[in-house]
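A structural walkthrough
So you can see what is in the structure, the chains are spelled out below.
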Amino acid sequence: MAGVDLAKTAAKNGTPLYVYDLSRVAANLRRAKRALKRVTSRSRVFYAMKSNRHPEVLKSLRLAGVDGIDVCSPAELQRAVELGFRENQISYTGTAMSEGDADVLMRFPGVALNCDSLSSIRKIGLRDPGRNIGIRIDPSIGVGYRQNRRLQYAGNEITKFGIPIERVGEAIRLAASLQLEVGGLHVHAGCGFLTPQLPQVRRVMARVAELAATLPALRYLNLGGGWGIPLVKEDKPLDLERWALLAHGYFGTGNTEVWVEPGDYLVKDSGVLLLTVTEIERRQGREFVGLDGGFNLHPEPVFYDLPLEPVPLSLRNGRKRRVTLAGNINEAHDLWYQSVLLPPLKEGDVMCFLNAGGYGASMASNHCMRGSFKELALK
């Protein structure tokens, strides 16, 4: 990976270990910026920090020319500022805004603030009248990787995200009464979509375009993130050309800037997670391979049914067999992968989980007090 022997890296640094290829992050950013320029020259790519907040990853994105960074908490906002992002390079899209959150945001008037509720509009208006804000809407259409309901931020089921599209007028009137100007519109319908989900994405764009047409003072339109990457061999890469063509048809004219805020698309396939085999046991006809890290280190396989493909770093001759890869957390659902066909394994081998660069370390916890891990960025 990036010219580095991962087996030697694991031996030197120990496991659990996340490894990130910063050159891959930069390449992904270049591809994203080229696609967005096909939508309109008035475009900006923001990186969603919640996907991976490792300082070296953030520095590499800044050096590679990312237009800005999207944050969702005061602590993320502070980290962005400390790493050199200016206020006009920061977008804030949070939820369940507290009074304390609002107090912090008042100190950063240049940050593009997307309010996702009437309550947040009211809190900002009472503190910072005259501010230009964006509003995050719920388009009532969800989209996600392989139609995974857990990854859809809108749709038939009511979610906590965004102002329902039928209440946008009420939100704008509230903002006006508090002397706030609505200059932005934000929508994020879901995560990880690929080319087969583009028809749904088109429905979301159509609905957003219809609403945007009623708001002539819009300065920017943020289409959120959600671009996915292939996770299993049957997946094909997202056709960004088709996505850009769709977006250009709806938003390519006029003076409104078009923003996106990908997270996973920029970092997910740049990272791997290395874990060591600690035991191999047969239980009622099934072979379990125990590892020195559990779902607390990368929750996506358990929380969202998103696969991390396993690759053993030691390849031995012999008949492949189906095994279940299990973590070291004292929970029944702590399984990395069930019934996966792998070559012979031994205790002490290192397993490499692919596509672990996003929503892994950033979501890790200390459950069972097994939250210790290292991160290594390859320049």
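See the structure above.
In short, a report on the structure. (Residues numbered from 1 in each chain as written. Predicted model: local features only at pLDDT ≥ 70, side-chain atom pairs only at ≥ 80, totals over all residues. Heavy atoms only, no water.)

**Here's the deal with the overall build of the chain**
The secondary structure content of the chain amounts to eleven helices and 17 strands. The globule rule puts the C-alpha radius of gyration for 379 residues at 21 Å, and the 22 Å found for the chain is close to it. In terms of its C-alpha atoms, the chain occupies a principal-axis envelope of roughly 70 × 40 × 40 Å. A total of 379 residues make up the chain; the buried ones form 56% of that total. Long-range pairs, those at least 24 residues apart, make up 73% of the contacts in the chain between residues at least 6 apart in sequence. For the chain, the computed accessible surface area is about 16,800 Å², with 50% contributed by carbon and sulfur atoms. Taking the average place of the 49 positive charges on the side chains of the chain and the average place of its 39 negative ones, the gap between the two points comes to 4 Å. (Helix = DSSP H or I, 4+ residues; strand = E, 2+ residues; numbered from the N terminus. Rg over C-alpha atoms; globule rule 2.2 N^0.38 Å. Buried < 20%, exposed > 50% of the residue type's maximum accessible area, 1.4 Å probe, protein only. Contact = heavy atoms within 4.5 Å. Areas by Shrake-Rupley, 256 points an atom, 1.4 Å probe, with all protein chains shown as cover. Lys, Arg positive; Asp, Glu negative; His and termini not counted. Charge placed at Lys NZ, Arg CZ, Asp CG, Glu CD.)

**Digging into the pattern of salt bridges**
Inspection of every chain in the model, using the stated rule, returns 15 salt bridges. One salt-bridge network, in which partners are shared between bridges, spans Glu56, Lys59 and Lys379. (Salt bridge = Lys/Arg side-chain N within 4 Å of Asp/Glu carboxyl O.)

**Here's the deal with the packing of helix H8 (residues 198-212) against helix H9 (residues 240-251)**
Packing of H8 against H9 leaves a shortest axis separation of 10 Å and a crossing angle of 20°. Taken together, the axes of H8 and H9 are roughly parallel relative to one another. Of the two possible hands of crossing, H8 and H9 adopt the one that is right-handed. Mapping the contact onto sequence places Leu198, Val201, Arg202, Met205, Ala206, Val208 and Ala209 in H8 and Arg242, Trp243, Leu246, Ala247, Tyr250 and Phe251 in H9. Tallied by class, residues from the contact of H8 with H9 come to eleven nonpolar, no polar and two charged. (Axes fitted to C-alpha atoms, helices over the stretch in contact; angles between N-to-C directions. Parallel < 35°, antiparallel > 145°, perpendicular 65-115°, else oblique. Left-handed = near helix turned anticlockwise from the far one by under 90°. Nonpolar A, V, L, I, M, F, W, Y, C, P; charged D, E, K, R; others polar.)

**Focus: helix H6 (residues 118-127)**
Every buried residue of H6 is accounted for by Leu118, Ser120, Ile121, Lys123, Ile124 and Gly125. Looking at the buried side of H6, the elements it contacts are helix H5 (99-106), strand E5 (112-115), strand E6 (132-138), strand E7 (163-164) and helix H7 (168-177).

**Focus on the pairing of strand E1 (residues 17-21)**
Counted residue by residue, E1 has five buried out of five residues, so it is predominantly covered. Side chains Leu17, Val19 and Asp21 of E1 all project onto a buried face; the interleaved residues Tyr18 and Tyr20 project onto the opposite face, where all are buried too. As paired strands, E1 and strand E17 (residues 374-378) are joined by five bridges and run parallel to one another. The partner of Tyr18 across the bridge, within E17, is Glu375. Summarising the sheet, E1 and strand E11 (residues 271-283) pair through four bridges and their orientation is antiparallel. Within E11, the residue paired with Tyr18 across the bridge is Leu273. (Pairing = 2+ DSSP bridges.)

**Looking at the nonpolar core**
Formed by 102 residues in total, the largest nonpolar core has its most connected members in Ile121, Leu185, Trp243 and Leu325. Broken down by element, this core gets its largest block of residues, eight residues, from H8. Contact partners of Trp243, with chain neighbours within four places excluded, come to Leu36, Val39, Phe193, Leu198, Val201, Met205, Leu223, Trp227 and Val260. By size, the runner-up hydrophobic cluster in this structure holds nine residues, among which are Leu6, Val272, Leu274 and Val350. (Core = buried A, V, L, I, M, F, W, Y, C linked by side-chain atoms within 4.5 Å.)

**Quick notes on the environment of Phe353**
The residue Phe353 is located in strand E16 (residues 350-353) in this model. Residue class for Phe353 comes out buried when judged on its relative accessible area of 0%. For Phe353 and Gly271, which are 82 residues apart along the polypeptide, the C-alpha to C-alpha distance reads 8.8 Å. Beyond its immediate chain neighbours, meaning those up to four positions away, Phe353 contacts Gly271, Val272, Leu273, Leu275, Leu291, Leu308, Glu309, Pro310, Leu325 and Trp336.

**Thoughts on the pairing of strand E4 (residues 90-93)**
Here E4 shows no split at all, with Ile90 and Tyr92 on one side and Ser91 and Thr93 on the other all buried. Pairing analysis gives three bridges linking strand E3 (residues 68-71) to E4, with the strands arranged parallel. The residue bridging Ile69 from the neighbouring strand is Ile90, located in E4. Each parallel crossover has a hand, and for E3 linked through helix H4 (residues 74-82) to E4 it is right-handed. Two elements, E4 and E5, share three bridges in a ladder whose sense is parallel. By the bridge assignment, Thr93 is partnered in E5 with Asn114. Crossover connection from E4 via H5 to parallel E5: handedness right-handed. (Right-handed = clockwise from strand over helix to strand, strands pointing away.)

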